[in-house]
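Residue strings, one per chain:
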Amino acid sequence: MDNHGSYKSLINIWILLMFLTVVTVGAAQFDFGAWNVPIALIIASVKAGVVALHFMHLKHEDGLTWVFASYPLFLLFLLIAFTVTDMFSRVVN
Amino acid sequence: MSQEQEKNYLENGEGFASWFFTVDHKRIGIMYLWAIGVFFIIAAIASFLVRFEHLTPGQTIMTAHTYNVLFTLHGSMMVFLFIVPGVAASFGNFLIPLMIGAKDVIFPKLNLYSFWLYLLGAAVFMIALAAPADTGWTFYTPYSIESGANVILITFGIFILGFSSILTGINFIVTMHKLRAPGMTWDRLPLFCWAAYATSLLQVLATPVVGITLLLLIGERFFGLGFFDPARGGDPVLFQHFFWFYSHPAVYIMILPAMGIISEVIPVFSRKPIFGYKAIAYASLAIALISFLVWGHHMFVSGQSKLINVIFSVITYAVAVPTAIKVFNWLWTLYKGSIELSTAMLYSLAFIFLFTIGGLTGLFLGALAADVHLHDTYFVVAHMHYVMIGGTVFGFFAALHFWYPKMWGRMFDEFKAKIAFVLIFIGFNVIFFPQFILGTLGMPRRYFNYAPEFQSLHQLSTYGTWIGAAGFILMLWTLMRPLPGKAPGNPYRSLSLEWSMDSPPGTFNFDEIPTITEPVYNYGTKIEEES
Amino acid sequence: MGFFDVTSKVLKSIAYPSEMVPSIDTEDDGHHHFDHETEHSGAKLGMWLFLATELLLFGGLFAAYAIYRAKYPDMFQHGSQSLNVVLGTVNTVILIFSSLTVAIAVKAIQENRIKLVKIMLWITIICAAIFAVNKYFEYSYKFNLGIFPGTDIFYSIYFAATGVHMLHVFIGMAVLGVLLRKVYKGKYSKDNYTAIEIGGLYWHLVDLIWIYLFPLLYLVG
């Protein structure tokens, strides 16, 4: 049923994650100015995606699980987008 | 049917333990019904006293502080202990497995744990009444940080209640995905189940945000975190954002199950197939999705930016569309139907009428300029009660009467129940219609005192509570004293699955899982005549 | 039934949910069980839904982070640089490693390799414990410097986010501990491993959250 992948492929995934952790820490040593946070978030999202797809077997799940796994991300985006928009479009007298 | 040998669910086991430790979804539903009923009555008494206080300007029977405590008690108890868990957890538990042809919900034990969590949350909430909160049910900062009341305990109670609500939501969603009987496709699913599905989505996805908000509020009082405190660089409006991110979807948690009930009752007593089945079903989902986009319309005068005000106002109009779709479809179902004015049908018709008033006055409040005038006045109070009582509570009462034979296996006195309905309907309108006028005249909500020129309208409103209370007591009296004799399995000639079995159902619902071959609402068609 | 009986029965049913139904009413047994495939896929779907709620629980903290970081860039720069990157990196490595071991445990139980499952669950729990000890040192170091939740908004977010995350680590440890105990009792096999799989999903979520918290708090200075 869920018998996907092998021990070796799991370990390969782990090595990839370790490599990405090095990239995360390494990237933080450089100052990209306004791009610092986006770069950190992109790397983190790649890592999170790898964990979800392979360790959590999302790759083998049906569409319904994908919907429930991704919809909260949209809601999180809404929450942040609307509150940040409000904060920085206020006109203070 | 071979259910004669099998005991029905009410007879299967006696005594406290057989209820408190049951995993039978029907018994759990009944226990929710009792629990929310008790809290409804307590909160209703609080509101009765609040209204009594307004008989005269200044002090009538209580001090200003008692008044603040009582309206907070009324609001928070009605919202968190009655109406949010209410219809979904009680009737949802009882009906969903019966309607989809399953023996139980998919996680029966989790279902029981959810109920225990509900009781635990309610207990913590009640303990907090030792130093009752006076913040209003919204717990707005900064007052909720400064208030000397027991805010931490009460919000922690609500946090636990939220957890219970999340687990119930997960249970219902997975049940409807995995346990539908063969042939029970999504386009044959009863509309109550669609509504419960949309409700569960909201419970699962919105409740965690209020969870973290209340945790942060507790942290704010405990450690002085400063997120919501301008003196520490925080922003009190952020609390309102977080709070309404949950609480706006929550108003649809409150109303959607009632809409589902109406969609069940109206076709049965019109003897017609429901008009626009798919439109109603998808409208439930659309409401669930859009309701996450409009929370800022509660905050037009909070200091929120003008840009975001306009965005939220526009989207607010969009959420009215699926709601209106439902109302039109119910009306079309009634059109040329052979209408039978049973008690449940009366409550349902009243629902359409009152909910439409509530919904349309909501549009006034969604309009930016009008809201500046009407915000935090009695207009809002009236609007909200037209939706919550005229909508949800009337839907809840419709369900209490409609499924009464199924739940208890007895019939009730329709005549007395109809008199009770008339009293409740009149009482409700006498209470809240004057409040629309009071609000437009500028009477602010949550005020202990008022100017003398408002007295006649306030008094009228208070008299309404007496009529409504009389009706409610008569309704309880009627329902507590069922008629002698056993109820038939299907007294209303309904076609949906829960009526195909004995009243009350056996412990395991179905001896054999049925196979569904027809849509649920085939009233007045060839199929019905054959059966 | 006295108060004591009820309480003990409640606690017992929480501790041993699988034994609960028969002890209450033997007739119930069997009727409230659905076929294996339905229970398995249902439990997984339920867990994913629960993970969605967990993500949104942290959502409030992420939103607060976004707003206050944009509002007070200097405070965040300063605060972030005061955190111990080495300990943070070590904890990241530990958590990712424990994610691997839990994934291996899930794979092993599907092949009935019970011994491997035990080893992997033990390693996961030990990793979680090391993570907690490191966090303890981090917190106490900050407290000694007189830095508490509420010192400024950055530290409030730091303590709130890592504190709520820490709570999840403890819950995860408890869940894995219960699973391990049941593995020793021989409850799981290749035909019955749903609990280990969804427990593993929960532990991966703890890792996922940390993958975001680590750069946002420790690195982006």
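Every value quoted in this text rests on a predicted model; they were computed, and no experiment measured them.

Attention shifts here to the overall build of chain C. Counting secondary structure elements, chain C contains eight helices and zero strands. Its helices and strands in sequence order give chain C the pattern α-α-α-α-α-α-α-α, from N to C terminus. For chain C, the share of sequence-separated contacts (at least 6 apart) that also reach a separation of at least 24 residues comes to 79%.

Our focus in this paragraph is the overall build of chain A. Secondary structure assignment for chain A yields three helices and zero strands. Along its sequence from the N terminus, chain A presents helices and strands in the succession α-α-α. Rg of the C-alpha trace for chain A: 18 Å, well past the compact-globule value of 12 Å for 93 residues, more than 25% over. For the C-alpha atoms alone, the extent of chain A along its principal axes is close to 65 × 40 × 10 Å. The buried share of chain A, taken over its 93 residues, is 25%.

Listed by partner, the interface residues are 37 residues for chain C and 40 residues for chain B. Elements that contribute at least two residues to the side of chain C that touches chain B include exactly α1 (3-15), α2 (20-24), α3 (36-71) and α7 (153-184) of chain C. Examining the composition of the side of chain C that touches chain B, we find that 16 residues originate from one element, α3 of chain C, more than from any other. Counted by class, the side of chain C that touches chain B contains 22 nonpolar, 12 polar and three charged residues.

Bring the parts together and some accessible area is lost; that lost area is often taken as the interface size. Chain C puts 33 residues into the contact, and the matching count from chain A is 34 residues. Secondary-structure elements contributing two or more residues to the side of chain C that touches chain A are α3, α5 (85-110) and α8 (194-219) of chain C. For the side of chain C that touches chain A, the element with the highest residue contribution is α3 of chain C, accounting for 13 residues. Broken down by class, the residue content of the side of chain C that touches chain A amounts to 24 nonpolar, six polar and three charged.

Partitioning chain A into domains gives domain 1 (1-60) and domain 2 (62-93). Look at where the C-alpha atoms of domain 1 of chain A and domain 2 of chain A centre, and you get two points 23 Å apart.

Before going further, it helps to spend a moment on the confidence of the model for chain C. All names here are of chain C. In the predicted model, chain C carries a mean pLDDT of 89, and 90% of its residues have values of at least 70. Under a pLDDT of 50 for its full length, residues 20-31 has, in the predicted model, 12 contacts with residues more than four places off or in other chains. This prediction of the complex comes with two scores: 0.93 for pTM and 0.92 for ipTM.

In this section: helix α2 (residues 36-55) of chain A. Over its 20 residues, α2 of chain A runs 28 Å from end to end, which matches the ideal 28 Å to within 8%, given 1.5 Å per residue. Those residues of α2 of chain A not exposed but buried are A40, I43, A44, K47, V51, A52, H54 and F55 of chain A.

All names here are of chain A. Mapping E61 onto the fold places it in the loop between α2 and α3 (63-89). Assessed through the 19 C-beta atoms surrounding it within 10 Å, E61 is described here as partly exposed. Sequence separation of E61 and V51 is 10 residues, and the distance between their C-alpha atoms is 14 Å.

Turning next to the packing of helix α1 (residues 7-27) of chain A against α2 of chain A. Each pair of packed helices can be described by the angle between their axes along with the distance between the axes. All names here are of chain A. Relative orientation of the contacting elements α1 and α2 amounts to 170°, with a least axis distance of 10 Å. As far as their axial angle goes, α2 and α1 are roughly antiparallel. Judged by residue contacts, I13, L16, L17, L20, V23, T24 and A27 of α1 engage I39, A40, I43, V46, K47, V50, H54 and F55 from α2.

As a further point, take the packing of helix α3 (residues 64-100) of chain B against helix α7 (residues 191-223) of chain B. All names here are of chain B. At their nearest, the axes of α3 and α7 sit 10 Å apart, and the two run at 130° to each other. In terms of axis orientation, α3 runs oblique to α7. The hand of the α3/α7 crossing is left-handed. The segment α3 lies against α7, with A88, G92, L95, I96, M99 and I100 engaging F192, C193, A196 and T199.

Further remarks concern the domain arrangement of chain C. For chain C, the domain assignment lists domain 1 (1-33) and domain 2 (36-219). Computed over C-alpha atoms only, the centres of domain 1 of chain C and domain 2 of chain C are separated by 31 Å.

The next subject is the environment of G442 of chain B. All names here are of chain B. Secondary-structure assignment places G442 in the loop between α15 (414-441) and α16 (455-480). The partly exposed category is assigned to G442, around which 13 C-beta atoms lie within 10 Å. Note: C-alpha distance between G442 and Y378 (64 residues apart in sequence) is 7.9 Å.

Residues C193, V265 and A398 of chain B together with L61, A105 and I157 of chain C are the most contacted members of the largest nonpolar core, which totals 264 residues. Excluding its chain neighbours within four sequence positions, the residues that come into contact with L61 of chain C are I212 of chain B together with I157, A160, A161 and V164 of chain C.

It is worth spelling out helix α10 (residues 306-334) of chain B at this point. For α10 of chain B, built from 29 residues, the straight-helix expectation of 42 Å at 1.5 Å per residue is met to within 8% by its first-to-last C-alpha distance of 43 Å. Turning to α10 of chain B, its buried residues are I308, N309, F312, T316, V319, P322, T323, K326, N329, W330 and T333 of chain B. Against the buried residues of α10 of chain B lie α3 of chain A together with α8 (236-270), α9 (277-290), α11 (343-366) and α12 (368-374) of chain B. Positioned one or two residues after α10 of chain B, K336 of chain B has a phi angle of 60°, which is positive.

Here we come to unusual backbone geometry. Negative phi characterises most residues that are not glycine, and trans characterises most peptide bonds. All names here are of chain B. The peptide bond linking T141 to P142 adopts the cis configuration, its omega dihedral lying at 0°. With respect to the helices and strands, the residue P142 is situated in the loop between α4 (108-127) and α5 (143-146). Of note, the amide linkage connecting S503 to P504 takes the cis form, showing an omega dihedral of -10°. The topology assignment puts P504 in the loop between α16 and α17 (526-530).

How each quantity is defined
Residues numbered from 1 in each chain as written. Chains lettered and ligands numbered in written order. Predicted model: local features only at pLDDT ≥ 70, side-chain atom pairs only at ≥ 80, totals over all residues. Helix = DSSP H or I, 4+ residues; strand = E, 2+ residues; numbered from the N terminus. Contact = placed C-beta atoms within 7 Å. Rg over C-alpha atoms; globule rule 2.2 N^0.38 Å. Buried ≥ 20, exposed ≤ 12 C-beta atoms within 10 Å, placed from the backbone. Nonpolar A, V, L, I, M, F, W, Y, C, P; charged D, E, K, R; others polar. Domains from an automatic or database assignment. pLDDT = per-residue confidence, 0-100. Expected span 1.5 Å × (residues − 1). Axes fitted to C-alpha atoms, helices over the stretch in contact; angles between N-to-C directions. Parallel < 35°, antiparallel > 145°, perpendicular 65-115°, else oblique. Left-handed = near helix turned anticlockwise from the far one by under 90°. Core = buried A, V, L, I, M, F, W, Y, C linked by C-beta atoms within 7 Å.

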